[in-house]
There are 2 protein chains.
Amino acid sequence: MSQRIFNFNAGPATLPLSVIKEIQSGLDNYKGCGMSVMEISHRSKWFDDIINDAIIRIKRLLNIGDEHEVLFMQGGASMQFAMIPMNFLKDNETADYINTGTWSTKAFKEAVIQGKKVIETASSEDRNFSYIPKELNLTADAAYVHITSNNTIKGTQWADFSDTKGVPVISDMSSDIFSRSFNIDKFGLVYAGAQKNMGPAGVTLAIIRKDMLEKIPDNLPSMLKYTTYADKNSMYNTPPCFAIYVVQLVMKWIEETIGGLSKMEELNRKKAAILYDFIDNNTLYKGTADLDSRSLMNVTFRLLSEDLEKKFIADATENGLGGLKGHRSVGGCRASIYNAMSIEGIERLVEFMGEFARKNG
Amino acid sequence: MSQRIFNFNAGPATLPLSVIKEIQSGLDNYKGCGMSVMEISHRSKWFDDIINDAIIRIKRLLNIGDEHEVLFMQGGASMQFAMIPMNFLKDNETADYINTGTWSTKAFKEAVIQGKKVIETASSEDRNFSYIPKELNLTADAAYVHITSNNTIKGTQWADFSDTKGVPVISDMSSDIFSRSFNIDKFGLVYAGAQKNMGPAGVTLAIIRKDMLEKIPDNLPSMLKYTTYADKNSMYNTPPCFAIYVVQLVMKWIEETIGGLSKMEELNRKKAAILYDFIDNNTLYKGTADLDSRSLMNVTFRLLSEDLEKKFIADATENGLGGLKGHRSVGGCRASIYNAMSIEGIERLVEFMGEFARKNG
């Protein structure tokens, strides 16, 4: 196949083509410096400009003031699962975890492994994580409450964030950061692997409120303390430079091509509406998440049988619509429609789904 | 500047131009799959082929058999500094550390932070780390002995590795892996950040002997245990896919363009010889490392004054020879001449150094 497909993969995921083209055109000689962006020193002016511009754009897009620090780390959300209790949960404290699926469960387990006192105060496991719990039963003096804002596998998303009465919220936003506006103030820490809405795999964004930095114990290994990253502009050691560079370009694309985060959100709501409307009005397809908990990013659905799902995924692939297979742990189908998925891609998908329903209904 | 320079940066460092060109040409559509290599799922056949080919080539190049596992991790050598005592040093055990400079010192400190019993059994600090110690005074029943095989900042390198009488050697090989052949058998663990001899920043190679995996405690966070990576072919969570892809291409370049590791070593010895011979025969320049401890990768030298060094670095930059400034902690000059630095680059450098000496001697 010589053309690009519409890529509905859950992550690593589709990137804006203009960003890929920009990386490509200068890959052997970054801005005329005589080196590839992969070859420049992280202590150079060129890289300083990249990382600082990325941070400025992130702050502007999310309306972040001086109370939060923007950090670039490694190890994905899974490393954050381990670092969060290590940094923010002392032995005499407890933390609340809301369980909305696979990733929340993993985050909880990494605290348990460390012998920390964590409470699963709410869960949607009773109905296979098909909804976001409404009764949270939060502990008044918890060190933090941990949530997963969007659940890539189960196709659910927090529509809004509850008031936690001063308890810092820590949120894994790997699969919906930069997809919509939100108020950063109540969040003690927001973290996200880049490979869905921000860039390629290999860098993790952390946005941390400065008062959280004061809680971190001294006796942690340097690379496992948020303070190390905050103190050194994320360059205590060599950062994942290339991945940060791509993040910078994606942030620039949101600001300058899309027109900012509210435009991005408008587009994402429109894309999700087209797809969910189609699913709700066609008997061959059935959405798996409760209506009020549906994700704007990962649209999960089933067909009438597993055989039909297999055929659907195979036919879609042949028609240039890739990555529609559900996560191996749950099966079914999933269209991940992150920022870089165009309206055109959604229209093509819906058109294909209609044809497939006519032929196989 | 429209041309590529000769890049003597210590890391991130120069990459083979043919590798950069290969990445560049297919960046918008990897092998006709319709996606960028940055956009493909790590659970896809395409990425499986990349990571498995990288591992096969690494094993072949280093002559690694079934006793060792090849792992891809994140966080650079600094994360390894923390993980090593966490994984391999129980509370009733001690480990030996040989201190040959900045990075060895950091590795030692990360064990101390964790309250582990570590002994600095040898050090070259008495003469500003300008040599590799000969008397190692190893502890007979140490859990491991940690060394830094090449010292990027001080310009020294272990010419050979001593017999440790069964104590596993753990070596940071960030700045000399794949530069020469060595016998992997005595190493319990070899690790290396990619950004010098292997690829871009953002992935860490670990080669671990299988008996080491049995020593790892169960109660470590998943991302901080080597077993997690060994059990899941380095894909417990999303790996740094793009960086691994570049590593694969660099390994292919060593095998197919250079002709293997012994050819690579021959070339590296030749390059270092040209440069050291020049330095030893010109009174304007003075090498900083003892003759028997000189690094084949990082050639550190001083000029007669700091002012002259500043001028040297500035004039070199103007002449398309970049990255010759010594590390900010030691000053002076340094030419990092990793695998991807060509003989032509060395010849151009020596030619420039000669001219500079004639004009400023």
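Counting from 1, residues in each chain are numbered in the order their sequence is written. Starting at A for chains and at 1 for ligands, labels are handed out in the order in which the entities are written. With pLDDT at 70 or above as the cut-off, local features in this predicted model cover only qualifying residues; side-chain atom pairs require 80 or more to be listed or tallied, and sums for whole chains, interfaces and linings still use all residues. Think of the side-chain values as coming from all heavy atoms in the structure, minus any hydrogens and water.

## Description of helix H3 (residues 76-88) of chain A
All names here are of chain A. Runs of E in the DSSP output that reach at least two residues are strands. Runs of H or I that reach at least four are helices, and both are numbered from the N terminus. Multiplying 1.5 Å by the helix residue count minus one yields the expected span of that helix. If you check H3, its first and last C-alpha atoms are 18 Å apart, about what 13 residues at 1.5 Å a residue would give, namely 18 Å. The largest bend in H3 is about 25°, located at Ala82, with the proline Pro85 one to four residues further on. Exposure is judged per residue with a 1.4 Å probe applied to protein chains only, and the accessible area is read against the type maximum: over 50% gives exposed, under 20% gives buried, and values in between give partly exposed. For H3, a buried count of 13 out of 13 residues is recorded, marking the element as mostly surrounded by other parts of the structure. The bend at a residue is defined as the angle formed between two axes, one fitted to the seven residues ending at that residue and one fitted to the seven starting there.

## Considerations on the sheet that holds strand S5 (residues 145-148) of chain A
All names here are of chain A. Any two strands are treated as partners once DSSP identifies two or more bridges connecting them. Sheet architecture is open: seven strands sit in the order S2-S10-S9-S8-S5-S3-S4, paired in mixed fashion. Each having just a single partner strand, strand S2 (68-73) and strand S4 (117-123) make up the two edges of the open sheet. Shown here is a sheet whose adjacent strand axes are inclined to one another by a mean of 20°, direction ignored. Where S2 and strand S10 (residues 204-209) come together, six bridges link them in antiparallel fashion. Looking across to S10, one finds that His68 is bridged to Arg209. In this analysis, two residues are considered to be in contact whenever any of their non-hydrogen atoms come within 4.5 Å of each other. Every axis in this analysis is a line fitted to C-alpha atoms, fitted for helices over the stretch in contact. Angles between the N-to-C directions lie between 0 and 180 degrees. On top of the sheet, helix H2 (residues 45-62) reaches S2 and S10; it is set at about 130° to S2, its chief contact.

## Quick word on helix H10 (residues 343-360) of chain B
Residue and element names in this part refer to chain B. Its 18 residues place the ends of H10 25 Å apart at the C-alpha level, agreeing with the 26 Å of an ideal helix rising 1.5 Å per residue. Among the residues of H10, Ile343, Gly345, Ile346, Leu349, Val350, Phe352, Met353, Gly354, Phe356 and Ala357 are the ones counted as buried. Next to the buried residues of H10 lie strand S1 (6-7), helix H8 (261-280), strand S12 (298-302), helix H9 (306-318), strand S13 (321-322) and strand S14 (333-336).

## Some thoughts on the relation of the copies chain B and chain A
Note on the identical chains: chain B maps onto chain A by a rotation of 180° and an axial translation of 0.0 Å, with an RMSD of 0.0 Å. Such values leave the two copies arranged in the relation of a two-fold axis. Closest approach to the rotation axis among the C-alpha atoms of chain B is made by Gln24 of chain B, whose C-alpha sits 2.6 Å away. Superposing the copies works by least squares over the C-alpha atoms of residues that have pLDDT at least 70 in both of them.

## Thoughts on the interface of chain B and chain A
Facing 63 residues of chain B, the contacting portion of chain A comprises 63 residues. For the pair chain B and chain A, the summed buried surface comes to about 4900 Å²; carbon and sulfur atoms form 56% of the total. A side-chain nitrogen of Lys or Arg and a carboxyl oxygen of Asp or Glu constitute a salt bridge if their distance falls within 4 Å. Connecting chain B to chain A are four salt bridges. Lys21 of chain A is the salt-bridge partner of Asp28 of chain B, the closest N and O atoms lying 2.9 Å from each other. When residues in the side of chain B that touches chain A are grouped by element, the largest group, six residues, is from helix H1 (residues 17-25) of chain B. In terms of residue class, the side of chain B that touches chain A is made up of 29 nonpolar, 26 polar and eight charged. Simply put, the buried area is the total loss of 1.4 Å probe accessible area from both parts when two parts are fitted together. Three classes are used, and their members are as follows: Ala, Val, Leu, Ile, Met, Phe, Trp, Tyr, Cys and Pro are nonpolar, Asp, Glu, Lys and Arg are charged, and the others, Gly among them, are polar.

## Here's the deal with the domain arrangement of chain A
Residue and element names in this part refer to chain A. Each domain's extent was defined by an automatic or database domain assignment. Structurally, chain A comprises domain 1 (21-257) and domain 2 (260-360). On a C-alpha basis, the centroid separation for the pair domain 1 and domain 2 is 27 Å. Counting each side, the surface lost to burial between domain 1 and domain 2 is near 2100 Å², with a carbon and sulfur contribution of 50%. Where domain 1 packs against domain 2, one counts two salt bridges. A salt bridge links Asp290 to Arg127; the shortest N-O distance between them is 2.8 Å. Mapped onto the side of domain 1 that touches domain 2, the elements with two or more residues apiece are H2, strand S7 (156-157) and helix H7 (241-258). If one sorts the elements of the side of domain 1 that touches domain 2 by residue count, H7 sits on top with three residues. Of the residues assigned to the side of domain 1 that touches domain 2, the class counts are nine nonpolar, 10 polar and seven charged.

## Details of the side chain of Thr100 of chain A
All names here are of chain A. For Thr100, the position within the fold is in the loop between strand S3 (94-99) and helix H4 (102-113). Think of a polar contact as two N or O atoms within 3.5 Å of one another; within protein, one of them needs to be a possible hydrogen donor and the other a possible acceptor, and neighboring residues in sequence only count if both atoms come from side chains. Within the structure, the side chain of Thr100 is placed 3.0 Å from the side chain of Ser104, a separation counted as a polar contact. For Thr100, the side chain forms a polar contact with the side chain of Asn151, separated by 2.8 Å. With residues near it in sequence (within four places) discarded, Thr100 still touches Ser124, Phe129, Ile132, Pro133, Thr148, Asn151, Lys154, Thr156 and Trp158.

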